[in-house]
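Residue strings, one per chain:
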Amino acid sequence: INAVTLDTPEGPVLSATWSWPDALFDRDDVERLADLWFGALQALVTHARHRDAGGHTPSDLTLPGLTLGQVQGLEADVPLADVWPLFPLQEGLLFHAFYDHSSADVYTAQCALELDGPLDAGLLRECAGVLLARHPGLRAGFGQVGDAIPAQVVWRQVPLRWREVDLSGLSGAAQGEAAQEVLDTERVTEFDMGRPPLLRFVLVRVADGRHRLVITSH
């Protein structure tokens, strides 16, 4: 059976070409088999159109060794897109993230970008959302799946962790202290490793035409 999908003006069409050795099969046998094959395909199409259809199987996911029960458990908890294995460095970072919650996580990184000039805050927020939608690695949560298998679980969509702070009413030392408090609060707020994105944005308005974008990530 050689099957290909052809693009047509009416949409994609599956085309299958059947061939067989005449010494082993006659045409009637092959036609009966083909009818069963196309019947099974039609049943799959009908099922897929049902509103409750869907779901992954272990073979749909990158991480090997998962059972159907484990996959179904993940899908019941998160909007699942894929499950990836961890690189050795990621396993080490995950260990440290779970090991000690009594002090700040040294792997929480932060940068603050000074933005001068007119700024469309709504558009900037929309761009941050597009960034998360475009890159699946930014939609990954980290933890253990099933029998303590370390993995990164990629979500189809994640909430955008964004907030805005207006400090334009302050000046001098008061504004500087308030701005530093924003950075410090973001820096010490732990990420839930299993709930992506491990990325937060805070847009601080300093004055007209002056903003600071604080990006905190793990």
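Refer to the preceding data block for the structure.
Starting afresh in each chain, residues are numbered from 1 along the sequence in its written order. pLDDT decides what is reported in this predicted model: residues at 70 or higher carry local features, side-chain atom pairs at 80 or more are listed and counted, and totals for whole chains, interfaces and linings draw on all residues regardless. Hydrogens and water are ignored here; the side-chain numbers use all heavy atoms of the structure.

A. Inspection of the sheet that holds strand β7 (residues 162–166) at higher detail. Read from one edge of the open sheet, four strands run β4-β9-β8-β7, paired in mixed fashion. Edge positions in the sheet fall to β4 (109–116) and β7, since each of these pairs with one other strand and no more. Each strand of the sheet is rotated relative to its neighbour by a mean of 20°, with strand direction disregarded. Strand pairing is assigned whenever DSSP detects at least two bridges linking the two strands. By definition, any uninterrupted DSSP run of H or I lasting at least four residues is a helix, any uninterrupted run of E lasting at least two residues is a strand, and each is numbered from the N terminus. As paired strands, strand β8 (residues 199–207) and strand β9 (residues 210–217) are joined by eight bridges and run antiparallel to one another. In the sheet register, V202 faces β9, and the bridge partner there is V214. For every element, the axis is a line fit to its C-alpha atoms; helices are fit only across the contacting stretch, and the angle between N-to-C directions ranges from 0 to 180 degrees.

B. Looking closely at the state of the cysteines. Whenever a pair of cysteine sulfur atoms sits within 2.5 Å, that pair is classed as a disulfide. Within the structure shown, the criterion is met by zero disulfides. C127 provides the cysteine sulfur closest to C111, a residue in no disulfide bond, and the two sulfurs are 16 Å apart. Burial classes follow relative accessibility: with a 1.4 Å probe on protein chains only, a residue under 20% of its type's maximum area counts as buried, one over 50% as exposed, and anything between as partly exposed. Given a relative accessible area of 37%, C111 falls into the partly exposed group. The class for C127 is partly exposed, based on a relative accessible area of 44%.

C. The pattern of salt bridges, seen in detail. Salt bridge criterion: a side-chain nitrogen from Lys or Arg within 4 Å of a carboxyl oxygen from Asp or Glu. Per the counting criterion, the structure on display carries eight salt bridges. Measuring nitrogen to oxygen at the nearest pair gives 2.9 Å for the salt bridge that ties R195 to D77. In this pair, R195 sits in the loop between α5 (172–188) and β8 while D77 sits in helix α2 (residues 68–77), placing the two residues 118 residues apart along the sequence. Note on R195: relative accessible area 32%, which makes it partly exposed. Each member of the salt-bridge network shares a partner with another, and the members are R163, E186 and R200.

D. Region of the structure containing the nonpolar core. Among the nonpolar cores identified, the biggest contains 21 residues, and L66, L80, V83, V153 and F201 are the most heavily contacted of them. Those elements that place two or more of their residues in this core are α2, β3 (80–84), α4 (121–134), β6 (149–155), β8 and β9. Contacts between residues were defined by any pair of non-hydrogen atoms, one from each residue, lying within 4.5 Å. With residues up to four places along the chain from it excluded, the contact list for F201 reads A128, L131, L160, R161, W162, R163, L213, V214 and I215. Definition of nonpolar core: a set of buried residues of the types Ala, Val, Leu, Ile, Met, Phe, Trp, Tyr and Cys, connected through side-chain atoms within 4.5 Å.

E. Focus on the pairing of strand β2 (residues 11–17). Where strand β1 (residues 2–8) lies against β2, seven bridges are found, and the strand directions are antiparallel. Bridge pairing links T8 to G11 in β2. Between the antiparallel neighbours β1 and β2 lie two residues.

F. Region of the structure containing the packing of aromatic side chains. Two aromatic rings, drawn from Phe, Tyr or Trp (for Trp, its six-membered ring), form a pair once their centres lie within 6.5 Å of each other, and the interplanar angle then sorts them: stacked below 30 degrees, edge-to-face above 60, tilted otherwise. For the structure on display, the rule yields four aromatic pairs. Considering the side-chain rings of W37 and F38, the 4.9 Å spacing of their centres and the 85° angle between planes classify their relative orientation as edge-to-face. Classification of W37 by relative accessible area gives partly exposed; the value is 27%. With relative accessibility at 37%, the residue F38 sits in the partly exposed group. Between W162 and F201 the ring centres are 5.9 Å apart and the planes differ by 40°, which places this aromatic pair in the tilted class. One end of the pair, W162, is in strand β7; the other, F201, is in strand β8, with 39 residues separating them in the sequence.

G. Layout of a nonpolar patch on the surface. A cluster of nonpolar side chains, namely V4, L6 and V13, defines an oily patch on the protein surface of about 230 Å² accessible area. Relative to the helices and strands, L6 resides in strand β1. Judged by its relative accessible area of 41%, L6 is partly exposed. What goes into a patch is any residue over 30% in relative accessible area without a salt bridge, connected to like charges within 9 Å or, for nonpolar side chains (Val, Leu, Ile, Met, Phe, Trp, Tyr), within 5 Å. To be clear on the numbers: accessible area is Shrake-Rupley with a 1.4 Å probe, and residue cover counts the displayed protein chains and nothing else.

H. Looking closely at the side chain of H56. Summarising the element assignment, H56 is placed in the loop between α1 (27–48) and α2. Side-chain polar atoms of H56 contact the side chain of E75, separated by 2.6 Å. Excluding residues within four positions of it along the chain, H56 makes contact with L61, L68, V71, E75, L80 and A81. Here a polar contact is taken to be a pair of N or O atoms separated by no more than 3.5 Å, where protein atoms must pair a possible hydrogen donor with a possible acceptor and residues adjacent in sequence count only if both atoms sit in side chains.

I. A look at α5. Taking 1.5 Å per residue, 17 residues should reach 24 Å; α5 reaches 25 Å between its end C-alpha atoms and fits that length. In this structure, the buried side of α5 is in contact with β4, β7, β8 and β9. Each helix should span, by expectation, one fewer than its residue count multiplied by 1.5 Å.

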